[in-house]
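# Breakdown of the fold
Okay, here's what each chain looks like letter by letter:
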Amino acid sequence: MKVEINQETIDEIKKVVETQSDRPANVRIFVAGYGCSGPSLGIALDEIKDSDLVDESGEIKFIMDKEVYDQMGEVKIEFVGNGYFVAPINQVESGCSSCG
């Protein structure tokens with residue numbers, strides 16, 4: 001498993017981890033829901049499970065369930081102002097005709 005991430009995003013995630021000392025320091029990548037453009041990914045602090053794959057960048061461990069990885073593939077995470085853009089690297093940008 002590989003997570004594509006830049007230093008600014010790592011620094012922003014480290015800030016969150018530091019303020020959440022009662023939570024695990026691992027960042028889980030998960031399917032947050034489905035829309036007309038397909039699955040949407042999210043991130044959250046979580047424990048490593050036996051079924052997880054792990055990639056470490058900038059002292060942060062990124063974890064993803066093997067089944068989710070098999071479906072999504074490599075992932076990109078980018079800090080975008082007040083949140084994070086999380087998507088498969090191979091995702092083709094698309095939308096439906098009802099999206100405005």
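See above for the structure.
Residues numbered from 1 in each chain as written. Predicted model: local features only at pLDDT ≥ 70, side-chain atom pairs only at ≥ 80, totals over all residues. Heavy atoms only, no water.

Looking only at helices and strands, the protein features 2 helices and 7 strands. Listed by position from the N terminus, the elements making up the protein come as β-α-β-β-β-β-α-β-β. A compact globule built from 100 residues would reach a C-alpha radius of gyration of about 13 Å, and the protein, at 14 Å, matches this within 12%. Each of the three principal axes of the protein carries a C-alpha extent, and together these read 45 × 30 × 20 Å. Counting only residues that meet the buried cut, the protein has 33% of its 100 residues in that class. Once local pairs closer than 6 in sequence are excluded, the contacts in the protein between residues at least 24 apart make up 51%. With the model as given, the accessible surface of the protein reaches about 6,200 Å², and the carbon-plus-sulfur share is 47%. (Helix = DSSP H or I, 4+ residues; strand = E, 2+ residues; numbered from the N terminus. Rg over C-alpha atoms; globule rule 2.2 N^0.38 Å. Buried < 20%, exposed > 50% of the residue type's maximum accessible area, 1.4 Å probe, protein only. Contact = heavy atoms within 4.5 Å. Areas by Shrake-Rupley, 256 points an atom, 1.4 Å probe, with all protein chains shown as cover.)

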